[in-house]
Amino acid sequence: KIQLSNDKPSAQITHTLFNDGLWPVELAAWAITMLRLGGAVILPMPVGNSDPAGLLPNRQISLWPYARINDTRLKLGDDFIIFKAEAMLPPFKIGAYNPHGWIAYWIDGILFRKSFEVHPDLPYPDYNCNAEIYCNDQIVELESLGPLRPLLPGLSVSHVETWEVFDGLDAVPAEVQLAINLLR
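Summarised in this report is the structure supplied together with it.

Reading the values: the criteria
Residues numbered from 1 in each chain as written. Predicted model: local features only at pLDDT ≥ 70, side-chain atom pairs only at ≥ 80, totals over all residues. Heavy atoms only, no water. Phe/Tyr/Trp six-rings, centres within 6.5 Å; stacked < 30°, edge-to-face > 60°. Buried < 20%, exposed > 50% of the residue type's maximum accessible area, 1.4 Å probe, protein only. Helix = DSSP H or I, 4+ residues; strand = E, 2+ residues; numbered from the N terminus. Lys NZ or Arg CZ within 6 Å of the ring centre and 35° of its normal. Pairing = 2+ DSSP bridges. Salt bridge = Lys/Arg side-chain N within 4 Å of Asp/Glu carboxyl O. Axes fitted to C-alpha atoms, helices over the stretch in contact; angles between N-to-C directions. Contact = heavy atoms within 4.5 Å. Polar contact = N/O pair within 3.5 Å; in protein donor to acceptor, adjacent residues only side chain to side chain.

## Brief notes about the packing of aromatic side chains
Okay, step 1: Under the counting rule described, the total for this entry stands at 4 aromatic pairs.
Okay, step 2: Judged by centre distance (4.9 Å) and plane angle (15°), the ring pair of F83 and F92 falls under stacked. We note that F83, like F92, is buried.
Okay, step 3: Summarising the aromatic geometry, the rings of Y97 and Y124 are spaced 6.0 Å apart at their centres and angled 55° between planes, so their arrangement reads as tilted. Taken together, the positions of Y97 in the loop between β9 (92-96) and β10 (102-107) and Y124 in the loop between β11 (110-116) and α1 (125-128) put the pair 27 residues apart, joining distant regions of the chain. Y124 matches Y97 in its accessibility class, with the two residues each being buried.
Okay, step 4: The ring centre of W64 lies 4.7 Å from the NZ or CZ of K93, which sits over that ring.

## With respect to the pairing of strand β13 (residues 140-145)
Okay, step 1: Counting buried positions along β13 gives 6 out of 6 residues, so the element sits mostly inside the fold.
Okay, step 2: Along β13, one buried face is formed by V140, L142 and S144 and the opposite face, lined by E141, E143 and L145, is buried too.
Okay, step 3: Where strand β12 (residues 131-135) and β13 come together, 5 bridges link them in antiparallel fashion. Across the sheet, residue A131 finds its bridge partner in β13, namely S144.
Okay, step 4: Here β12 folds back onto β13, and the loop between the two strands holds 4 residues.

## Observations regarding the pattern of salt bridges
Okay, step 1: All told, the structure shown has 8 salt bridges when counted by the stated rule.
Okay, step 2: Between K93 and E143 there is a salt bridge, with its nearest N and O atoms 3.1 Å apart. A residue pair is termed long-range when its members are at least 10 positions apart, and K93 in strand β9 and E143 in strand β13 qualify at 50 residues.
Okay, step 3: Beyond isolated ion pairs, a larger network of salt bridges with shared partners links K93, E132 and E143.

## Brief notes about the sheet that holds strand β4 (residues 30-35)
Okay, step 1: Read from one edge of the open sheet, 5 strands run β4-β13-β12-β9-β6, paired in antiparallel fashion. Looking at the sheet topology across the chains shown, the edges are occupied by β4 and β6 (61-63). Mean inter-strand twist for the sheet, computed between neighbouring axes without regard to direction, equals 15°.
Okay, step 2: Summarising the sheet, β6 and β9 pair through 3 bridges and their orientation is antiparallel. Considered in β9, the bridge of I61 is made with A96.

## Focus: the sheet that holds strand β7 (residues 74-76)
Strands pair in a sheet through their backbones, by hydrogen bonds, and they do so in one of two ways: parallel or antiparallel.
Okay, step 1: Overall, antiparallel pairing links the 8 strands, which are arranged β1-β2-β15-β11-β10-β5-β8-β7 in an open sheet. In this open sheet, the two edge strands, each paired with only one partner strand, are β1 (2-4) and β7. Averaged over neighbouring strand pairs, the angle between their axes works out to 15° when direction is ignored.
Okay, step 2: Pairing of strand β5 (residues 40-44) with strand β8 (residues 80-84) involves 5 bridges; the strand directions are antiparallel. Residue pairing for β8: A40 is matched across the bridge by K84.
Okay, step 3: Running over the sheet, helix α2 (residues 174-182) touches β5, β7, β8, β10 and β11 and is turned about 50° from β8.

## Some remarks on the side chain of R73
Okay, step 1: Residue placement: R73 occurs in the loop between β6 and β7.
Okay, step 2: The buried category is assigned to R73, whose relative accessible area is 3%.
Okay, step 3: A polar atom in the side chain of R73 sits 2.7 Å from the side chain of D71.
Okay, step 4: Residues within four places of R73 in sequence aside, it is in contact with I82, F83, K84, E86, M88, P90, P91, F92 and C135.

Structure (structure tokens):
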């Protein structure tokens, strides 16, 4: 379901999965947005302590077998993962748990941001990833994932994204401007 905003360049996209089968299925909704190459993906990372003493890890990333940690398109930062979407082989895929609930793409002075609900107490697929980036020699994908859950026969589950477009650096939300400044 696509619902366009009347007053700004925004849309709400509702992805719904139905279980028409005879038995429960464990699944996670997975929303893929494909974009052209030439820009940079911005994936925010968790910041701050995950426990009161600051002794436990606060970030994790998942890499697929064909992804190279030293890929020149990838920049791992404390606050953001930045990925320059350029046509190179091999393909690349990385995922992370993203408590901020958004992933963005900066290209030609335009920012596309998709936001999604985060469920911190539920497990996610791919070693607990709710946001993933995939790139090959033709496209880049911004992927948001819902939590893993059993879906009983006859029921449905929805994963809602909000898509927003911002024209020019001055229009970009403050939490994204820091990442764009890292690209310069």
